[in-house]
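Structural overview for review
Spelled out from the first residue to the last, the chains are:
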Amino acid sequence: MSDYKTIPKKIKEQRKFYAITFTVIALLYIIATIQTKFNPFDFFFKMGNFFDFLLNELLPPNFELSGGLGLISLVMQNIGMSIIPTFFGGIIAFCLSFLTSYSTAPNRVIAIILRGLASFQRNLPSAIWLMILVMAFGIGTTVGVLALTINTIGYLLRGFADVLDEVGKESMEAIDSVGARYLPKLFQCVIPAALPGFISWLLYAIEINILSSTVIGAVGGGGIGMIMMSHWKLFRFRTSFGIILALAVTVIVVNSLTDYLRKRVIR
Amino acid sequence: MINSSIYSNDAILSVKGLKKYYGATKAVDDVDFDIKPGEIVSIIGRSGAGKSTVMRCINRLVLRDEGSITFEGMEITNKMSPKQLREARSRIGFIFQNYNLVYRLTVFQNVMHGRLGYMSTLDGVLGRYSEEDKMKAYNIIETLGLNEQLYQRAADLSGGQKQRVAIARALMQEPSLLMCDEPIASLDPVTSRTIMELIVSQARERGIACLINLHQVDFAKEYSTRIIGMRDGKLVFDGSSAILTDDMISYIYKGDDNRLGNQSVDMQISNKPVEEYNIV
């Protein structure tokens, strides 16, 4: 005790660990800045340009789209583009998840393979799938929906499998011990227990897909993203900004709806 | 229904030379015992003595390493067909310490699960239980005093009620053997007594043989016709409660031979470590 003027809150090793960690992070930041030639002060120097663009080019937003679909129907299309992939991706992920979760998989090798595929797929952004699919099917909503579906299967499969892993091994043991067959066990025990988790993941998928369908659209997947991008390219920034604001409202509304549903389902 | 004329003289369950290892640990080490129809047998022993593993080997929730198990004349092997295994399991009720219900489902649905072992895949998947079975379930639920909770979710029940649902589920199987793995370890003393009385009275009434893992020696003495003592995976006592001496009890429950008999039995039992039941 006599070594210290005050009683230390942490032991010496721990403080050393924090100091090293902090130094490493600071070094990484400096290296990254040099590498990318990113100048953090650029933002302040060019702030004038930014506000100039914001005030003169983007504002006020234009909500009236000339020709083609109106804003409301575009937003509806956007929601549709997130629901369809969630629906199909959900069905496929649902079926595959029982083969993927270690607690329900009849075959461990298949489970490992599916798990690997889902993880690999989850780390591929849907835009990559879109680029590949556009080569085969051309630009349009179909390709966008397809890319989103593939992506959705990836993370829903992983999510569903995790939900199944967490279904009590105990209740499954009980159903095994009454001599039930495999499928009745799934339908009478596993699925009822996993249902809230599944629904929660599906709602999450809708949230994600609303956002990614926009990004997907912007790079050729059709829908609201594509319309927004085409206005942007024609320097109709006010119209683009109107679409962006409509999107933001959609996302907020949909998210609060899914939040509400989630709370209702999980109790 | 068991055909009592076939089994009345023979053991309904026969365990011979049962061994189960977890790595170098001998969880069950050469255990032999028989259970006759209608017998109520308690297995006592410390946590980790192998009581639970013995039970799980019998209905093959755990695969054994050595030995033979015969249930209703059918050899339970590690290589039996899934169909045979299901048949054997459907005749053995199993009650768990943690009730092991499907908590999002209602009491009635949970009780009906007891029939799944007798149903085709399609009927099981769709939950198409016969009216006769449903009536039977209702009667059992009423007998166990749960009719007011019939359509309540199992999650909303108290511990004692949950265990009664588990008993009802096991009775729906119309088993000839009921295995209870620490059925009252998660319950308060008053509820424990109610549950023990229900298990034993229902088993007697229906002519079901019972094998019960217990921590509480007093309960074991009170409710069973025979007691099996296990220690470090070995069977060290098998007989009626009348011949279960205090010395024997302290031997069963004592981890350390050196201190055998130095303390009063009650002290030793109440001081026994309440470890989690993971190892076995």
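For clarity, every value in this text was computed on a predicted model and none was experimentally measured.

A count of helices and strands for chain B gives 11 helices and 10 strands. Looking at the 280 residues of chain B, the share that counts as buried comes to 46%. Contacts spanning at least 24 positions in sequence make up 69% of the contacts within chain B whose residues lie at least 6 apart.

Within chain A, the secondary structure is distributed over 11 helices and 0 strands. Reading the helices (α) and strands (β) of chain A from amino to carboxyl end gives α-α-α-α-α-α-α-α-α-α-α. Against the 2.2 N^0.38 benchmark of 18 Å for 267 residues, chain A shows a C-alpha radius of gyration of 25 Å, more extended than a compact globule. By its C-alpha atoms, chain A is 75 × 70 × 40 Å across when sized along the principal axes. Of the contacts made within chain A by residues no fewer than 6 positions apart, 73% connect residues no fewer than 24 positions apart.

All names here are of chain B. Mean pLDDT for chain B: 85, with 88% of residues reaching 70 or above. Here helix α11 (residues 265-270) stands out as the element of chain B with the lowest mean pLDDT, 40, in contrast to helix α4 (residues 107-112), whose mean of 95 is the highest. Within the model, pLDDT remains below 50 along residues 1-8, and this stretch shows 9 contacts once partners closer than five positions in the same chain are excluded. Under a pLDDT of 50 for its full length, residues 256-280 has, in the predicted model, 28 contacts with residues more than four places off or in other chains. The ipTM assigned to the predicted complex is 0.82, against a pTM of 0.78.

All names here are of chain B. Among the 5 residues of strand β7 (residues 177-181), 5 are classified as buried, and the element is accordingly described as predominantly covered. Along β7, one buried face is formed by Leu177, Met179 and Asp181 and the opposite face, lined by Leu178 and Cys180, is buried too. As defined by bridge partners, strand β6 (residues 92-95) adjoins β7 across 4 bridges and the pair is classed as parallel. From the neighbouring strand, Phe94 faces β7, where its bridge partner is Met179. Taken together, the 5 bridges between β7 and strand β8 (residues 209-214) define a ladder with parallel strand orientation.

What follows concerns the interface of chain A and chain B. How big an interface is tends to be stated in terms of the accessible area lost upon association of its parts. Across the contact, 18 residues belong to chain A and 24 residues belong to chain B. Where the side of chain A that touches chain B is concerned, the elements lending two or more residues are α8 (169-177) and α9 (182-221) of chain A. In terms of residue class, the side of chain A that touches chain B is made up of 10 nonpolar, 4 polar and 4 charged.

Turning our eyes to something else, we now look at the domain arrangement of chain B. Residues and elements named next belong to chain B. According to the domain assignment, chain B contains domain 1 (20-91 + 176-280) and domain 2 (100-174). With 13 residues of domain 1 in contact, the opposing surface of domain 2 contributes 11 residues. Elements with a contribution of two residues or more to the side of domain 1 that touches domain 2: α3 (82-90) and α8 (189-206). The biggest single contributor to the side of domain 1 that touches domain 2 is α8, with 6 residues. Residues of the side of domain 1 that touches domain 2, tallied by class, amount to 6 nonpolar, 5 polar and 2 charged.

Glancing now at the packing of helix α4 (residues 71-100) of chain A against helix α7 (residues 141-166) of chain A. Each pair of packed helices gets described by two things: the angle between the helix axes and the distance between those axes. Residue and element names in this part refer to chain A. Contact pair α4 / α7: the axes reach a minimum separation of 7 Å and the direction vectors enclose 40°. By the angle between their directions, the pair α4 and α7 is classed as oblique. Read as a crossing pair, α4 and α7 show a hand that is right-handed.

On to the confidence of the model for chain A. Residues of chain A with pLDDT of at least 70 account for 96%, and the chain-wide mean is 83. Within chain A, the lowest mean pLDDT, 74, falls on helix α3 (residues 47-58) of chain A, and the highest, 91, falls on α8(A).

Glancing now at the packing of α4(A) against helix α10 (residues 223-233) of chain A. Residue and element names in this part refer to chain A. Contact geometry of α4 with α10 gives a least axis separation of 7 Å together with a crossing angle of 135°. Between α4 and α10, the crossing angle belongs to the class labelled oblique. For the pair α4 and α10, contact is made by Leu74, Val75, Gln77, Asn78 and Met81 and by Gly223, Ile224 and Ile227, respectively. Split by residue class, the contact of α4 with α10 holds 5 nonpolar, 3 polar and no charged.

Time to look at α4(A). Given 3.6 residues per helical turn, the α-helix brings residues three or four places apart onto the same face. Between its first and last C-alpha atoms α4(A) spans 41 Å; for 30 residues at 1.5 Å apiece the expected length is 44 Å, and the two agree. Three or more residues of α4(A) are buried, namely A:Leu74, A:Asn78, A:Met81, A:Ser82, A:Pro85, A:Thr86, A:Gly89, A:Gly90, A:Ala93, A:Ser97, A:Phe98 and A:Thr100.

This brings us to unusual backbone geometry. Residues and elements named next belong to chain B. With phi around 60°, Asp30 is a residue other than glycine that occupies positive phi space. Within the secondary structure, Asp30 is located in strand β2 (residues 25-35). Of note in the backbone geometry, Glu174 takes a positive phi value of approximately 50° without being a glycine. Locating Glu174 in the fold gives a position in the loop between α7 (159-172) and β7.

Next up on the list: the nonpolar core. In this structure, B:Val111, B:Ala168, B:Leu177 and B:Cys210 are the most contacted members of the largest nonpolar core, which totals 123 residues. Per element, the largest residue contribution to this core is 14 residues, and it comes from α7(A). Both domains that meet at this core, namely domain 1 (20-91 + 176-280) and domain 2 (100-174) of chain B, each give it at least three residues. Beyond its immediate sequence surroundings of up to four residues, B:Cys210 is in contact with B:Ile40, B:Val41, B:Leu178, B:Cys180, B:Ile199 and B:Ala203. A:Ile224, A:Ile227, A:Ile243 and A:Leu247 belong to the second largest nonpolar core, which has 8 residues in total.

Let us now look at the sheet that holds β2(B). Residue and element names in this part refer to chain B. Pairing is antiparallel in the open sheet, where 4 strands are placed in the order β2-β1-β4-β5. The open sheet has two free edges, formed respectively by β2 and β5 (74-76), since each of these has just one partner strand. Along the sheet, successive strands turn relative to each other by an average axial angle of 25°, direction set aside. Relative to strand β4 (residues 66-71), strand β1 (residues 13-22) runs antiparallel, the two being bridged by 5 bridges. The partner of Val15 across the bridge, within β4, is Ile69.

Let us look at the pairing of strand β9 (residues 226-231) of chain B. Residue and element names in this part refer to chain B. As paired strands, strand β3 (residues 40-44) and β9 are joined by 4 bridges and run parallel to one another. From the neighbouring strand, Val41 faces β9, where its bridge partner is Arg226. Hairpin remark: β9 followed by strand β10 (residues 234-239), antiparallel, with 2 residues in the connecting loop; positive phi at Asp232, about 50°.

The rules behind these values
Residues numbered from 1 in each chain as written. Chains lettered and ligands numbered in written order. Predicted model: local features only at pLDDT ≥ 70, side-chain atom pairs only at ≥ 80, totals over all residues. Helix = DSSP H or I, 4+ residues; strand = E, 2+ residues; numbered from the N terminus. Buried ≥ 20, exposed ≤ 12 C-beta atoms within 10 Å, placed from the backbone. Contact = placed C-beta atoms within 7 Å. Rg over C-alpha atoms; globule rule 2.2 N^0.38 Å. pLDDT = per-residue confidence, 0-100. Pairing = 2+ DSSP bridges. Nonpolar A, V, L, I, M, F, W, Y, C, P; charged D, E, K, R; others polar. Domains from an automatic or database assignment. Axes fitted to C-alpha atoms, helices over the stretch in contact; angles between N-to-C directions. Parallel < 35°, antiparallel > 145°, perpendicular 65-115°, else oblique. Left-handed = near helix turned anticlockwise from the far one by under 90°. Expected span 1.5 Å × (residues − 1). Core = buried A, V, L, I, M, F, W, Y, C linked by C-beta atoms within 7 Å.

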